[in-house]
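Each chain is listed here by its residues.
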Amino acid sequence: MTQHIQYPESGEKIKVVDGKISVPDNPVLGYVEGDGIGPDITRASMRIWDAAVEQAYNGKRKIHWAELYMGEKAAGLYDGDYFPEETQTALQDLIVSIKGPLTTPVGGGFRSLNVALRQKLDLYACVRPVRHYDGVPSPLRKPEDVDVVVFRENTEDVYAGIEYQSGSEENRKVAKFLKEEMGETFFDDAGLGVKPISPFGSKRLVRKAIQYAVDNNRESVTLVHKGNIMKFTEGAFRQWGYEVAKEEFGDVTITEEELYSTYGGKRPEGKIVIKDRIADIIFQLMLLRPNEFDVLATMNLNGDYLSDAIAAEVGGVGIAPGANMSDHVAVFEATHGTAPKYANQDKVNPGSLLFSGVMMLDYLGWTEAADLIRAAYQKVVTTGIVTYDFARQIEGATEVKTSQFADAIIEQMQGRIDLAKYQQEREEAIEHDRKVRELRRVASPLEEMIASGRTPQSVREMMNPEPVSVAAATSVEDAMHLMRERHISSVICEPGDDGAWGIMTQRDVLSRIISAGRRPSDARVSEVASKPLVTVPGDMGLQECAEKMSKENIRRVVVVENERPVGIISDTDIFAAVEQFGLPE
């Protein structure tokens, strides 16, 4: 028996079948109206969502709405309870819901209603897609390059709330333990916080991000971290992320290292590239090279900053959608505040909640309805019909109310939008963009690494792949001709009677043939080549490789995989890498 929540008599609840949501044509979805401007933007958005579903499916599909209660409206109904138990139950029962902005009670039991929602329902992933729509004001010269989805871990990191106030008895106990038992040093009376990052929390977040990339034909997933400084928390997040990709998605993923070293910069069809970037670098790159990144997986604090910063590039949080998700339960939400100053004025931009609903339609698998709204929104904004926030920034704009903006979008959807053309043009633009980046990677790999923030870590990334090899019985003269034709300074000598690989360099020819007065045509490569090969594995670090070359007093080593030469790396290659990138952390 519910106290205030009533499910509609018509409609069916979404179910989970074989680990995936099963959505009927008439699903019951929950909605929380929200506080402040919440009622205004919720009314407008619901009209648009319903109209899009009606138009896209000719009445064969329909959302049946169930109102749920949180925030001030809940407090009025449930004797001051801002997040009643029956709402928590309904959010889990209905699986998919959407909510407007909420007011956190002053002096109440919550640090934040949103944080409480995430923790109580274990909504461990905050998902924030950010892309630009033509006509929306932006500070970037090419805002159309921004099209990224941020997966932010919701339950750990400094947001776990494990803090000890300066001067408190608990603080003194923790400080004493850290100093006396663990040997740590820090200033007296420092406030203390704990930053938990676990394999479980990290892996499930990265797993969800990679699965999203698989399901939505995305090109890459980038692990964002500050692991160069916080090695056992953020560095571990990076490590666990790569482990998930390899162990659970090995058939559909490659590392960025493999992209360059194995595939020459060409992404194999159907493969998702797993990258990682230092947190401070990704902020810069999302301004300078945003189209290099497709899906970002990040811990809590970094994700908080990053998702808002990227949203500012394409119109601000006022139109930035978001959702909090567990494995199946998803609560979509407006990402901005309640703006009580504008409550009940039918004035504000509904974009954030509207596009959160578009996300929700995508989550249901109703992509036609979602794309219909995207196409209509773009047409309306490019004609200059906008709410007051954009009207101030667009010359010649027509300022309209929230409800009128909804009217304009619905009118567009019911008009002559060629949805197939819209979808095709977007797919072609994405594919063209990918091809351009691939051509740059193939033509200038080192320059592309620099521009995209990639720091090579291993010899495999900096080696010259596919070394030229010759038979042991090849004459030195023929090998010299080949070296000149290929513009190379060495060749690999294949095993002869002795069964050993070798390498013949220009220096070997000078010291062992020419200076000795021998004819190159009379000598075999196997007589001149240095054996045994000095080899390194592909995953050896650049510094370790440099140490080995210095110890052996040689200028190049052969990279081997499965006991076969796959590349050569020289002192010049390592010099160039360190000069450009510095020593890897």
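Residues numbered from 1 in each chain as written. Predicted model: local features only at pLDDT ≥ 70, side-chain atom pairs only at ≥ 80, totals over all residues. Heavy atoms only, no water.

(A) View of the overall build of the chain. When you go through the chain residue by residue, the secondary structure sums to 22 helices and 24 strands. Once the C-alpha set of the chain is aligned to its principal axes, its extents read approximately 100 × 70 × 50 Å. Expressed as a percentage of the 585 residues in the chain, the buried residues total 50%. Within the chain, residue pairs in contact and separated by at least 24 positions form 70% of the contacts whose partners lie at least 6 positions apart. (Helix = DSSP H or I, 4+ residues; strand = E, 2+ residues; numbered from the N terminus. Buried < 20%, exposed > 50% of the residue type's maximum accessible area, 1.4 Å probe, protein only. Contact = heavy atoms within 4.5 Å.)

(B) View of the sheet that holds strand β14 (residues 321-325). On the basis of which strands lie adjacent, the open sheet formed by 11 strands has the order β4-β3-β5-β15-β14-β6-β7-β13-β10-β12-β11 and mixed pairing. Two strands in the sheet have a free side with no partner beyond their single neighbour: β4 (64-68) and β11 (253-255). Taken pair by pair, the neighbouring strands of this sheet meet at an average axis angle of 25°, ignoring direction. Here strand β10 (residues 220-225) runs beside strand β13 (residues 295-298); their pairing, made up of 4 bridges, is parallel. The residue of β13 that forms the bridge with Thr 222 is Leu 296. The strands touched by helix α4 (residues 113-120) within the sheet are β5 (96-99), β7 (147-153), β14 and β15 (330-334), with β15 carrying the most contacts at an inclination of about 170°. (Pairing = 2+ DSSP bridges. Axes fitted to C-alpha atoms, helices over the stretch in contact; angles between N-to-C directions.)

(C) Region of the structure containing empty space enclosed by the protein. A full pass over the atoms with the stated rule returns 4 cavities of 30 Å³ or more. Estimated volume of the largest cavity: approximately 130 Å³. Looking at the largest cavity, it is lined by 14 residues, and the ones nearest its centre are Glu 256, Leu 259, Lys 275, Glu 292 and Arg 441. Every element with two or more residues in the lining of the largest cavity is listed here: α8 (256-261), β12 (272-278) and α15 (419-443). Its residues assigned to classes, the lining of the largest cavity comprises 3 nonpolar, 2 polar and 9 charged. The space that makes up the second largest cavity amounts to roughly 50 Å³. Lining the second largest cavity, in full, are Val 115, Arg 118, Gln 119, Arg 152, Asn 154, Tyr 159 and Asn 300. By residue number, the principal contributor to the lining of the second largest cavity is α4, which donates 3 residues. When its residues are assigned to classes, the lining of the second largest cavity shows 2 nonpolar, 3 polar and 2 charged. (1 Å grid on protein atoms, 1.4 Å probe; cavity = no way out; pocket = protein on both sides within 12 Å on 5 of 7 lines; lining within 4 Å. Points joined across faces, edges and corners; volume = space filled by probe spheres on them. Nonpolar A, V, L, I, M, F, W, Y, C, P; charged D, E, K, R; others polar.)

(D) Examining the nonpolar core more closely. Membership of the largest hydrophobic core comes to 86 residues, with the highest contact counts inside it found for Tyr 377 and Met 413. Grouped together as the second largest cluster of nonpolar side chains are 21 residues, Ile 5, Val 28, Val 329 and Val 331 included. (Core = buried A, V, L, I, M, F, W, Y, C linked by side-chain atoms within 4.5 Å.)

(E) Structural context of the packing of helix α21 (residues 542-552) against helix α22 (residues 571-581). Viewed as axis vectors pointing N to C, α21 and α22 meet at an angle of 145°, and their least axial separation amounts to 11 Å. The two elements α21 and α22 meet at a crossing, and its hand is left-handed. Residues Leu 542, Cys 545, Ala 546 and Met 549 of α21 pack against Asp 571, Ile 574 and Ala 577 of α22. Each residue belonging to the contact of α21 with α22 can be placed in one class, and the counts come to 6 nonpolar, no polar and 1 charged. (Left-handed = near helix turned anticlockwise from the far one by under 90°.)

(F) Representation of the environment of His 481. Looking at the secondary structure, you find His 481 in helix α18 (residues 476-486). Expressed as a C-alpha distance, the spacing of His 481 and Ala 75, which sit 406 residues apart in the sequence, is 86 Å.

(G) Seen up close, helix α9 (residues 279-288). For α9, the full list of buried residues reads Ala 279, Ile 282, Leu 285 and Met 286. End-on, the buried residues of α9 take up no more than an arc of 105°, which puts them together on one face. Of the surrounding elements, those touching the buried residues of α9 are β7, β10, β12, β13, α10 (300-312) and α16 (445-451). (Arc of directions from axis to C-beta.)

(H) A look at the side chain of Thr 402. Tracing the backbone shows Thr 402 in helix α14 (residues 402-413). Residue classification places Thr 402 among the buried positions, given a relative accessible area of 0%. A polar contact is formed between the side chain of Thr 402 and the backbone oxygen of Val 348, at a distance of 2.7 Å. Not counting chain neighbours up to four residues away, the residues in contact with Thr 402 comprise Asp 40, Ile 41, Ala 44, Asp 346, Lys 347, Val 348, Pro 350 and Thr 387. (Polar contact = N/O pair within 3.5 Å; in protein donor to acceptor, adjacent residues only side chain to side chain.)

(I) Molecular detail of the pairing of β5. Burial of β5 is two-sided: the residues Val 96 and Ile 98 facing one way and the residues Ser 97 and Lys 99 facing the other way are all buried. Relative to β5, strand β3 (residues 28-32) runs parallel, the two being bridged by 3 bridges. The partner of Val 32 across the bridge, within β5, is Lys 99. Sheet topology note: the β5/β15 ladder contains 4 bridges and is parallel.

(J) Here's a closer look at the sheet that holds strand β23 (residues 556-561). Reading across the sheet, the 4 strands line up as β18-β24-β23-β22 and stay open at both edges, with mixed pairing between neighbours. Two strands close off the open sheet at either side, each with one partner strand: β18 (464-465) and β22 (535-537). For β22 and β23, the ladder comprises 3 bridges, and the chain directions are parallel. By the bridge assignment for β23, Val 536 is matched with Val 559. Here α21 sits on the sheet in contact with β22, β23 and β24 (564-570), set at roughly 85° to β24. The strands touched by α22 are β18 and β24; relative to β24, the strand with the most contacts, the crossing angle is about 60°.

(K) Quick look at α22. Restricting attention to buried positions, one finds in α22 the residues Asp 573, Ile 574 and Ala 577. The buried residues of α22 all sit within an arc of 95° when viewed along its axis, so they share a single face. The exposed residues of α22 that point more than 90 degrees off its buried face are Phe 575 and Glu 579. Contacts made by the buried residues of α22 are with α17 (459-462), β18, α21 and β24. A positive phi of about 80° marks Gly 582, the residue just after α22.

(L) Representation of the packing of aromatic side chains. Going through the model one piece at a time under the given rule, you end up with 11 aromatic pairs. Aromatic side chains Tyr 69 and Tyr 78 sit 6.4 Å apart centroid to centroid with 50° between the ring planes, which places their arrangement in the tilted category. For Tyr 78, a relative accessible area of 8% puts it in the buried group. The interplanar angle of 75° and the centroid separation of 4.7 Å between the aromatic rings of Phe 355 and Tyr 377 together place this pair among those described as edge-to-face. Placement of the pair is Phe 355 in helix α11 (residues 351-364) and Tyr 377 in helix α12 (residues 367-382), with a sequence separation of 22 residues. Considered together, Phe 355 and Tyr 377 belong to a single accessibility category, that of buried residues. Every member of this aromatic cluster is reached through a ring pair, and the members are Tyr 133, Phe 355, Tyr 377 and Phe 405. For the cation-ring pair, Lys 179 lies above Phe 186, with the distance from its terminal atom to the ring centre recorded as 4.8 Å. One residue, Lys 347, lies across the ring of Tyr 388, its end atom 4.5 Å from the ring centre. (Phe/Tyr/Trp six-rings, centres within 6.5 Å; stacked < 30°, edge-to-face > 60°. Lys NZ or Arg CZ within 6 Å of the ring centre and 35° of its normal.)

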